[in-house]
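Report on the structure
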Amino acid sequence: MSERDTSSPPSQLPEGYQTDTSHPLRSSCKVVKVAYTNEVTGRGVAAVTSISRGTLIEVAECILVPRKDYEDHARHTTFQHYLFHGQDGDMLMALGLGSLFNHNAQPNLDYRVHQPILQVHFYASRDIQKDEELCIFYGGKLWFSDPTQPETCLDLSDDEASFLAGFSPETST
Ligand SMILES: C[S@@+](CC[C@H](N)C(=O)[O-])C[C@H]1O[C@@H](n2cnc3c(N)ncnc32)[C@H](O)[C@@H]1O
């Protein structure tokens with residue numbers, strides 16, 4: 001990777017964030033700011049158009065985090081909250097929009113982890129309206145308070161429940 005030129009200021013971003021419509025799937029969704037998370041700049045992903053149930057909306061390329069790296073390092077960092085379960089304790093970090101889907105108890109996206117090809121595929125699990133936020137289900141034990149699901153069990157311990165995809169989704173080849 002070449003060194004970044006820091007002599008000139010970054011080009012100004014418009015309100016919200018820029019949509020990368022060059023990606024064929026990504027033309028159906030964009031990154032937006034959300035107010036309900038506890039992050040300084042909370043982001044989420046919203047539909048740009050209506051999306052039909054079953055549509056593949058994102059293919060996230062992933063970085064493999066081998067089990068040992070996860071246990072010795074990643075699980076003790078912020079990255080813990082951005083990882084998907086792979087096989088045998090391996091984890092995957094989804095690039096692109098894959099790491100920006102927030103949690104909802106009634107998600108409108110389903111996903112499948114394909115470890116051999118290092119991809120996570122995200123599908124619309126129901127018909128989705130334009131401007132709806134696109135969310136996945138992280139599992140029953142959350143490490144943050146979710147305003148849409150106040151009765152959820154908060155798990156702030158540093159254990160296996162405390163990362164994205166707190167349940168094991170169907171992992172396929
Ligand atoms: C995979 S990231 C999602 C993208 C994140 N909003 C961002 O801007 O980097 C997971 C983090 O988003 C926040 N988050 C996701 N869903 C949430 C929800 N329903 N309520 C509150 N915070 C949420 C939590 O801070 C969590 O650790």
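Read on for an overview of the structure.

Reading the values: the criteria
- Residues numbered from 1 in each chain as written.
- Predicted model: local features only at pLDDT ≥ 70, side-chain atom pairs only at ≥ 80, totals over all residues.
- Heavy atoms only, no water.
- Core = buried A, V, L, I, M, F, W, Y, C linked by side-chain atoms within 4.5 Å.
- Buried < 20%, exposed > 50% of the residue type's maximum accessible area, 1.4 Å probe, protein only.
- Contact = heavy atoms within 4.5 Å.
- Helix = DSSP H or I, 4+ residues; strand = E, 2+ residues; numbered from the N terminus.
- Polar contact = N/O pair within 3.5 Å; in protein donor to acceptor, adjacent residues only side chain to side chain.
- Near = heavy atom within 4 Å.
- Areas by Shrake-Rupley, 256 points an atom, 1.4 Å probe, with all protein chains shown as cover.
- 1 Å grid on protein atoms, 1.4 Å probe; cavity = no way out; pocket = protein on both sides within 12 Å on 5 of 7 lines; lining within 4 Å.
- Sits in = over half its atoms within 2 Å of the grid points.
- Nonpolar A, V, L, I, M, F, W, Y, C, P; charged D, E, K, R; others polar.
- Phe/Tyr/Trp six-rings, centres within 6.5 Å; stacked < 30°, edge-to-face > 60°.

Focus on the nonpolar core
One finds Ile57, Phe84, Phe101, Leu109, Phe122, Leu134 and Ile136 to be the most contacted residues of the largest nonpolar core, which totals 26 residues. Apart from residues no more than four positions distant in its own chain, Ile57 is found in contact with Leu25, Arg26, Ser28, Cys29, Ile51, Phe101, Leu109, Phe122 and Leu134. By size, the runner-up hydrophobic cluster in this structure holds six residues, among which are Val65, Ala74, Leu83 and Met93.

Details of unusual backbone geometry
A positive phi is found at Asp88, a non-glycine position, where the angle reads about 50°. Here Asp88 lies in the loop between β4 (83-85) and β5 (91-94).

Things to note about the side chain of Asn102
Here Asn102 lies in strand β6 (residues 102-103). Within the local environment of Asn102, its side chain forms a polar contact with the side chain of Tyr36, the two groups lying 3.3 Å apart. In this structure Asn102 touches Val34, Tyr36, Thr37, Arg43, Gly44, Glu133, Leu134, Cys135, Ile136 and Tyr138, once residues within four positions along its chain are discounted.

Examining the environment of Ile136
Position of Ile136 among the secondary structure elements: in strand β9 (residues 135-136). Classification of Ile136 by relative accessible area gives buried; the value is 0%. Along the primary structure Ile136 and Tyr111 are separated by 25 residues, whereas in three dimensions their C-alpha atoms are 7.7 Å apart.

So, the site of the ligand
Neighbouring residues of the ligand: 21 residues in total, closest Arg43, Tyr82, Asn102, His103 and Trp143. With respect to the ligand, the side chain of Asp146 contributes an N or O atom lying 3.1 Å from a nitrogen atom. Notes on the ligand: free accessible area 570 Å², of which the protein chains cover 97%. Counting atoms within 2 Å of the grid points, the majority share of the ligand lands in the largest pocket. Split into classes, the residues belonging to the shell around the ligand amount to nine nonpolar, nine polar and three charged.

Considering the packing of aromatic side chains
If you walk through the whole model with that rule in mind, you get seven aromatic pairs. For the ring pair Phe101 and Phe122, a centre distance of 4.7 Å and an interplane angle of 45° mean the geometry is tilted. Residue Phe101 is located in the loop between β5 and β6, and its partner Phe122 is located in strand β8 (residues 119-124); the two are separated by 21 residues in the primary sequence. Comparing Phe101 with Phe122, the two get one shared label, buried.

Everything listed here is a matter of geometry and, on its own, says nothing about what the molecule does.
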